[in-house]
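A structural walkthrough
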Amino acid sequence: MSVPSPAFRARIRQGLSDAVLQEALQRATRSFQISREKAFADLPDAEAVRDRARAIRAHTIAHLDRYLEQFAREVERHGGKVFWAATAQEACDYILGLARARGISLVAKSKSMVSEEIGLNAALEAAGIRVVETDLGEFIIQLAGERPSHIITPAIHKRREDVSQLFQKHLGMPPTDEIPAMTAAARQALRQVFLDARMGISGVNFGIAETGTLVLVTNEGNGRMVTTLPPIHVALMGIERVVPTWEDAEILLRVLARSATGQALTAYTSFLTGPRRPKEPDGPEELHVVLVDNGRSRWLGTPLEEALYCIRCGACLNACPVYQAIGGHAYGSVYPGPIGSIVTPMLGEGAGAELAYASSLCGACQEICPVRIAIPDLLIRWRQMEASRLLPAWERAALWAYARIARHPAAWARLGRWAMALLRRLGRGGWLRWGPGPLRAWTAIRDLPVPQRPAFREWWASRGGGVP
Ligand code: SF4
C-alpha cells in the first residue's frame, strides 16, 4: 500500500519547504484562533449554543428530503425558480444554458465554494462568458490563476508584496505595500463590473426552509451588489445547507461568524426571499436557486453522513497543525484541511481518500468545530476504507498472522524477544538508523531507539510477577 501518493508527497514537500508560506499561514491561523476564542468568550452559554447548533444540523440532515422540498416550494412560491442538479455537470449546464438564453457576456460572482467544486468558472469561460470574482480574496486568486487555499480566506497564503505585484501587472497599479490603497484599486476595478454584469452568481450559507430565504454571510459589500444589481441572480447551494427555521438560522449564525473570523456577526448578513417584487426599489428580476447534490445524498444514512453537518466556517483548518505546515494547495483539492480530507472523497466517489492520512488525529479540529463533528473518527473511517481497497496480499497476510499471534501471550512474548534481539543487532550506539523492509519507511525520517535491557517482561519476571 502506498499512501500518500508520490504526487501528494511532492505537494507536501513543496509546502513544507516554503518558509514564507508557513509564516503567512501560522500568523493568519493564530490570529483567527485568538479572535475566535475572544468571540466565544463573549457568547453566553457558548457550549450550550454549540450543542444546539449540532442538534439542528443533525435533525436537518436526518430529514433532509422533507426540508429541501419545503425550501424549494417556498422559493418558488416567492417567485424564484429551483433547479435540482444531481451532478456538477448538470449544475454547470443549467447555468450555462440560462446565460446563453439571456445573452450574458459578463458575470459578477461573489464567493462560492460550490462553484469551485463544480468548476463553474471554467465552464462559463469556455463558452466565452467572462466571469469576475468580486470577493477581494477570490479576486486576487483569480488574477493569480490559482485556486483558493482556505475555504474562508482564499488568499491566506499571499503576502501583501504578492498582491501588490499582481495589481501592478493586472490593474496597472504603482508598487505599494499599503493595503487600503490596494483595496481601493480592487474596488475601483470591480465597480464597473457590478454595473455592467447582467448576471450575478453567489453561494448560499443557509437556505431557510420555512420561507425559502437565502442567507448570505460576507464581510465585503460585494455579496449584496452581486445579488441585487444584475437583473439575474443565480444562487448555488449545496443541498446540505438547508435549515428548517429562522430561529435555527439565528443559532447557526451565532457560531458561524465566531468560528470563521472571530466576529459576533459578519459585516453583512443578507436575507433574500424571492426576486424583486413590483414596488421594491432593488433586487433581481429573476432568481434561480441551483440545489447541488453532486454526491452528497449518497452518504445519507452512512457513518460519514455527519460530515454533512459542516457549515464551512474554516475553524478546523485554522486549528490543524498539518494544514498550518503544508497549506491548502498541498491537498490538491477544492476543500482543504481536516473537513476537506473527508468531503473530497465523498464528492469524488472515493477519489482523494489519501487525504485522510494528512492528519495527526490530534483532535484539535473536533474540539474547535462549532457543530462538534467527530472529524478524527471520520478520517479513520476513510483510512479503513482506503486500506481495505489498497492493502496488498502480503500485508493482509501479515495482519492476519499478527491477529493470531497477539491472541496468545506466550507466542507474543517469544516473537517480542526475537524482534528485540534483531533490533539490538541492527542498532548502532543505541539507535536504529536503518531498518530492513517496512521498517525503512520509519527509519528514513526518524531514528528508533534500540530496545533496552532488561525488557519490561524480564524486569517484571525478576520481581516475581506473572505473565503480564
Ligand atoms: S468541520 Fe466544523 S470546523 Fe470544519 S469547516 Fe466544518 S463546521 Fe467548521
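To be clear, the structure that these remarks concern was listed above.
Cut-offs and rules
Residues numbered from 1 in each chain as written. Predicted model: local features only at pLDDT ≥ 70, side-chain atom pairs only at ≥ 80, totals over all residues. Heavy atoms only, no water. Helix = DSSP H or I, 4+ residues; strand = E, 2+ residues; numbered from the N terminus. Buried < 20%, exposed > 50% of the residue type's maximum accessible area, 1.4 Å probe, protein only. Contact = heavy atoms within 4.5 Å. Lys, Arg positive; Asp, Glu negative; His and termini not counted. Charge placed at Lys NZ, Arg CZ, Asp CG, Glu CD. Expected span 1.5 Å × (residues − 1). Salt bridge = Lys/Arg side-chain N within 4 Å of Asp/Glu carboxyl O. Axes fitted to C-alpha atoms, helices over the stretch in contact; angles between N-to-C directions. Parallel < 35°, antiparallel > 145°, perpendicular 65-115°, else oblique. Nonpolar A, V, L, I, M, F, W, Y, C, P; charged D, E, K, R; others polar. Near = heavy atom within 4 Å. 1 Å grid on protein atoms, 1.4 Å probe; cavity = no way out; pocket = protein on both sides within 12 Å on 5 of 7 lines; lining within 4 Å. Sits in = over half its atoms within 2 Å of the grid points. Pairing = 2+ DSSP bridges. Patch = residues over 30% accessible without salt bridge, like charges linked within 9 Å, V, L, I, M, F, W, Y side chains within 5 Å. Areas by Shrake-Rupley, 256 points an atom, 1.4 Å probe, with all protein chains shown as cover.

**What to know about the overall build of the protein chain**
The helix and strand inventory of the protein chain stands at 21 helices and 12 strands. Dimensions of the protein chain, computed from the C-alpha atoms along their principal axes, are close to 90 × 55 × 45 Å. Of all 468 residues assigned to the protein chain, the portion counted as buried reaches 50%. Within the protein chain, contacts between residues at least 6 apart in sequence are counted, and of these 73% link residues at least 24 apart. In the protein chain, 56 positive and 46 negative side-chain charges are present, and the distance between their average locations comes to 9 Å.

**Considering helix 12 (residues 246-261)**
The end-to-end C-alpha distance of helix 12 is 22 Å, a good match for the 22 Å that 16 residues give at a rise of 1.5 Å each. Turning to helix 12, its buried residues number three or more, namely D248, A249, I251, L252, L253, V255, L256, A257, R258, S259, A260 and T261. Phi turns positive, to about 75 degrees, at G262, one or two residues after helix 12.

**What to know about the pattern of salt bridges**
Applying the stated rule across the entire model yields 21 salt bridges. Between D162 and R159 there is a salt bridge whose closest N-O contact spans 3.1 Å. Because the salt bridges share partners, they merge into one network encompassing E47, R50, D51 and R372.

**A look at the packing of helix 2 (residues 19-41) against helix 12**
Packed helices, taken two at a time, are described by the angle between their axes plus the distance between the axes. With their axes 6 Å apart at the nearest point, helix 2 and helix 12 run at an angle of 150 degrees to one another. When the interaxial angle is binned, helix 2 and helix 12 end up roughly antiparallel. Facing helix 2, whose interface residues are F32, S35, R36, A39 and F40, helix 12 presents V255, R258, S259, A260 and T261. Each residue belonging to the contact of helix 2 with helix 12 can be placed in one class, and the counts come to 5 nonpolar, 3 polar and 2 charged.

**Thoughts on the site of the ligand**
Around the ligand lies a shell formed by C310, I311, R312, C313, G314, C316, I339, C369, P370, I373 and I375. In a pocket analysis with a 2 Å cut-off to the grid points, the ligand is assigned to the largest cavity. Among the residues forming the shell around the ligand, the class breakdown is 9 nonpolar, 1 polar and 1 charged.

**Examining the sheet that holds strand 9 (residues 268-272)**
The strand order across the open sheet built from 4 strands is 8-5-6-9, with neighbouring strands paired in mixed fashion. The sheet is open, and its two borders are formed by strand 8 (242-243) and strand 9, each paired with just one other strand. As paired elements, strand 5 (residues 206-208) and strand 8 share 2 bridges and run parallel to each other. In the sheet register, G207 faces strand 8, and the bridge partner there is V242. Packed onto the sheet, helix 12 meets strand 5, strand 6 (213-218), strand 8 and strand 9 and runs at close to 160 degrees relative to strand 5.

**A word on unusual backbone geometry**
In this chain, R453 is followed by P454 through a cis amide linkage whose omega measures -5 degrees. Tracing the chain through its elements places P454 in the loop between strand 12 (448-449) and helix 21 (456-462). In this structure, R312 takes a positive phi of about 55 degrees despite not being glycine. The residue R312 is located in the loop between strand 10 (286-292) and helix 13 (315-319) in this model. We classify R312 as buried; its relative accessible area is 11%. Unlike most non-glycine residues, L361 shows phi in positive territory, near 55 degrees. Tracing the backbone through its elements, the reader meets L361 in the loop between helix 15 (337-347) and helix 16 (364-368). Judged by its relative accessible area of 29%, L361 falls in the partly exposed class.

**Digging into helix 5 (residues 88-101)**
Between the first and last C-alpha of helix 5 there are 20 Å, a value that for 14 residues agrees with the 20 Å anticipated at 1.5 Å per step. The complete set of buried residues in helix 5 reads A88, A91, C92, Y94, I95, L96, L98 and A99. Contact partners of the buried residues in helix 5: strand 1 (81-85), helix 6 (113-118), helix 7 (120-126), strand 4 (199-203), strand 7 (232-238) and strand 10.

**Remarks on the sheet that holds strand 1**
Taking strand neighbours across the sheet as the criterion, the 6 strands line up as 1-10-7-4-2-3 in an open arrangement whose pairing is parallel. Unpaired on one side and paired on the other, strand 1 and strand 3 (130-133) mark the two borders of the sheet. Neighbour to neighbour, the strand axes of the sheet diverge by 20 degrees on average, direction disregarded. The pairing of strand 2 (residues 106-109) with strand 3 spans 4 bridges and is parallel. Bridging from a neighbouring strand, A108 pairs with V132 of strand 3. On top of the sheet, helix 4 (residues 64-77) reaches strand 1, strand 7 and strand 10; it is set at about 145 degrees to strand 1, its chief contact.

**Here's the deal with a nonpolar patch on the surface**
On the surface, a cluster of nonpolar side chains totalling about 550 Å² of accessible area is made up of L399, Y402, W412, L415 and W418. Listing elements by their share of the nonpolar patch, those giving two or more residues are helix 18 (393-406) and helix 19 (409-426). Take the nonpolar patch: its biggest share by element is 3 residues, from helix 19. Looking at the secondary structure, you find W412 in helix 19. What makes W412 partly exposed here is its relative accessible area of 34%.

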